[in-house]
Amino acid sequence: MTALSRDEMFEQALGLFRVGKIEDSVGLLRRLCDADPNDQPVLRALATFHSNVGDLKGAIPYYLRDLRCGITLETVRSLGAAYINLGDTSALEALAEEMHDLIWDDEVILQVWGFNLWDRKLAAKSIPFLKRAAQLAPDTPLFHYNLSAALISAERPEEAVQAYARHVTPWTGACTQKDVIGEYKTVSQGYDDNGLHHSFTERLLRCYGDAVPARRLRSVLELGCGTGLLATKMPASATSIWGIDISPDMLDAARARGIYDRLLEGDLVTVMEGISESFDTVFSACVLYHIADLRPVFTNVARLLKPEGVFAFSVDPMTDEQDIAVTLKGEFCHSRAYLRRLAAEVGLSERLIEIQMHRAPPGFFCVFKKL
Ligand SMILES: C[S@@+](CC[C@H](N)C(=O)[O-])C[C@H]1O[C@@H](n2cnc3c(N)ncnc32)[C@H](O)[C@@H]1O
């Protein structure tokens, strides 16, 4: 029987892998590798096969040997993906440093690696990658959005807002309403299990406390109360708590807490228009990005607040070049200049506007007081 050539053995190994004979295939490839340790197609096939069967640790030595024989972007990308999937950010960083010149013009690698560093709580390290990706692809909104999330995580608030503002499009005045009720039907399930959701009201209450220290909470109206997380954080001094929400599913969860004095279903502006009672404080945590034109919100809040009443809320942020803009998700963000103008128009004075993490990207957390 004549011995098979290298090419024939290689083809046979690929064929065996295709029909699921993994061990036989890898065995053949290893023999080829022993015969020529610098055979890059063989090294690459071994790495890919290990990776395809979920053995990333087994794949890495072959990727590294492949790179020692000759560097290709594809292998660098695959090795990086293996490190990411193994959660080995130190190895990823070392690879990025070593391959800096190669990857520095590849926005996909920069974005994926940067995003993963941010996702693994290494925001400061992720920023150079995400910044460069956004520079290379300035028309890709997601890159600016991700950069803004990393910047706010790294406590660089003004830069985070600048990056966020680069991902939006101007608002043209169209009031296309998303299906908020449908969206929150799904979101309501397990809403309270997500720590991020708790952070909206926690941050807002912290800002409220900083802006008007020692002020006692008495009658409270909450716009977009959702499942009622704010109510669980109200002090005993709160004499009454009303909530408004458009989603019957979120309201069901709020009702089940048994804390609210009244829960009203409907669009928050429309519902406010029908209220004649007045309140000491109006809260709205992580809701107003659903609404483009905030003038009716401010007008009604100012009407419902008692003298010296406080309005504390959060919005997605826009720089002062535009009042209102449309985000990647088709929601709305608002500038500080716009909020200040609306407030002044209805007789509210600014106590605090602070940039903090909102959802993943930044937001403005605002506290205004009725004059
Ligand atoms: C992200 S959740 C925040 C809920 C709550 N404030 C919290 O911090 O957990 C947004 C809430 O706003 C409500 N919402 C959105 N648009 C609304 C509108 N126009 N009127 C009333 N509620 C609205 C949604 O139904 C949802 O419950």
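Residues numbered from 1 in each chain as written. Predicted model: local features only at pLDDT ≥ 70, side-chain atom pairs only at ≥ 80, totals over all residues.

Student: Sorry, what's going on with helix 8 (residues 107-119) here?
Tutor: Side chains of residues three or four places apart in an α-helix project in the same direction, reflecting 3.6 residues per turn. Spanning 13 residues, helix 8 covers 18 Å between terminal C-alpha atoms, matching the ideal 18 Å at 1.5 Å per step. Close packing links the buried residues of helix 8 with helix 5 (73-86), helix 6 (89-98), helix 7 (100-103), helix 9 (123-136) and helix 10 (141-153). Just downstream of helix 8 lies Lys121, where phi reads positive at about 65°. (Helix = DSSP H or I, 4+ residues; strand = E, 2+ residues; numbered from the N terminus. Expected span 1.5 Å × (residues − 1). Contact = placed C-beta atoms within 7 Å.)

Student: Looking at this model, I keep getting lost on the pairing of strand 3 (residues 240-245). Mind explaining?
Tutor: Two faces, one strand: in a regular strand the side chains alternate between the faces of the sheet. Where burial is concerned, most of strand 3 is hidden: five out of the six residues are buried. As judged from the five bridges shared by strand 2 (residues 219-223) and strand 3, these two strands associate in the parallel manner. Residue pairing across strands places Leu221 opposite Trp242, the latter belonging to strand 3. Examined bridge by bridge, strand 3 and strand 4 (residues 262-265) share four bridges and lie parallel to one another. Bridging from a neighbouring strand, Gly243 pairs with Leu263 of strand 4. (Buried ≥ 20, exposed ≤ 12 C-beta atoms within 10 Å, placed from the backbone. Pairing = 2+ DSSP bridges.)

Student: Sorry, what's going on with helix 5 here?
Tutor: With 14 residues, helix 5 extends 20 Å between its outermost C-alpha atoms, agreeing within 8% with the 20 Å of an ideal straight helix rising 1.5 Å per residue. Residues Thr75, Val76, Leu79, Gly80, Ala82, Tyr83 and Ile84 constitute the buried set of helix 5. On its buried face, helix 5 is in contact with helix 3 (40-52), helix 4 (56-69), helix 6, helix 7 and helix 8.

Student: What's the story with the site of the ligand in this structure? I'm lost.
Tutor: Taken together, 21 residues sit near the ligand, with Gly224, Gly226, Ser247, Leu268 and His290 positioned nearest. Contributing elements (two or more residues each) for the shell around the ligand: helix 12 (180-187), helix 13 (195-211) and strand 3. Here the shell around the ligand gets three residues from one element, more than from any other, and that element is helix 13. (Near = placed C-beta within 6 Å.)

Student: For this particular structure, what's the right way to read the domain arrangement of the chain?
Tutor: When the parts of a complex come together, some accessible area is lost, and that lost area is often used as the size of the interface. Under the domain assignment used here, the chain contains domain 1 (1-103), domain 2 (106-167) and domain 3 (180-370). Look at where the C-alpha atoms of domain 2 and domain 3 centre, and you get two points 28 Å apart. Where the side of domain 2 that touches domain 3 is concerned, the elements lending two or more residues are helix 10 and helix 11 (157-165). Residues that form the side of domain 2 that touches domain 3 fall into these classes: 10 nonpolar, four polar and one charged. (Domains from an automatic or database assignment. Nonpolar A, V, L, I, M, F, W, Y, C, P; charged D, E, K, R; others polar.)

Student: Could you clarify how one ought to interpret the environment of Ser314 in this entry?
Tutor: Tracing the sequence through the fold places Ser314 in strand 6 (residues 305-318). On a C-alpha basis, the gap between Ser314 and Gly258 in space is 25 Å, while along the polypeptide they are 56 residues apart. Filtering out sequence-adjacent residues up to four positions away, Ser314 remains in contact with Phe200, Leu204, Ala285, Cys286, His358, Gly363, Phe364 and Phe365.

Student: Could you clarify how one ought to interpret the packing of helix 8 against helix 10 in this entry?
Tutor: Pairs of packed helices are described in terms of their axes, by the angle between the two and the distance that separates them. Closest axis-to-axis distance for the helix 8/helix 10 pair is 10 Å, and the angle between their directions is 30°. If you check the angle between helix 8 and helix 10, you find them roughly parallel. The element helix 8 and its partner helix 10 pack so that their crossing is left-handed. Contact residues: Gln111, Phe115 and Trp118 in helix 8; Phe143, Asn146, Ala149, Ala150 and Ser153 in helix 10. Tallied by class, residues from the contact of helix 8 with helix 10 come to five nonpolar, three polar and no charged. (Axes fitted to C-alpha atoms, helices over the stretch in contact; angles between N-to-C directions. Parallel < 35°, antiparallel > 145°, perpendicular 65-115°, else oblique. Left-handed = near helix turned anticlockwise from the far one by under 90°.)

Student: Honestly, the packing of helix 1 (residues 6-18) against helix 2 (residues 22-35) in this entry has me stumped. Any pointers?
Tutor: The interhelical angle for the contact between helix 1 and helix 2, taken along N-to-C directions, is 155°, at an axis separation of 7 Å. In terms of axis orientation, helix 1 runs roughly antiparallel to helix 2. Like other packed secondary-structure pairs, helix 1 and helix 2 cross with a definite hand, here left-handed. Residues Arg6, Met9, Phe10, Gln12, Ala13, Leu16 and Phe17 of helix 1 touch helix 2, and the partners they reach there are Ile22, Asp24, Ser25, Leu28, Leu29 and Leu32.

Student: I keep staring at unusual backbone geometry and nothing clicks. Help me out?
Tutor: Trans peptide bonds make up most of the peptide bonds, and negative phi angles are found at most residues other than glycine. Residues other than glycine seldom take positive phi values, yet Lys121 does so here, at roughly 65°. Looking at the element boundaries, Lys121 is found in the loop between helix 8 and helix 9. Of note, Glu308 is a non-glycine position whose phi angle comes to about 65°, a positive value. Structurally, Glu308 can be placed in strand 6. Assessed through the 11 C-beta atoms surrounding it within 10 Å, Glu308 is described here as exposed.

Student: Honestly, the environment of Val287 in this entry has me stumped. Any pointers?
Tutor: In this structure, Val287 sits in the loop between strand 5 (279-284) and helix 16 (295-304). Counting along the chain gives 26 residues from Val287 to Phe313, while the straight-line C-alpha distance between them is 8.3 Å.

Student: How do you make sense of the nonpolar core when you look at a structure like this?
Tutor: Counting residues in each nonpolar core, the largest one holds 110 residues, and the members touching the most others are Leu46, Val282, Phe311 and Ala312. In this structure Val282 touches Leu221, Leu223, Val301, Leu304, Leu305 and Phe311, once residues within four positions along its chain are discounted. (Core = buried A, V, L, I, M, F, W, Y, C linked by C-beta atoms within 7 Å.)

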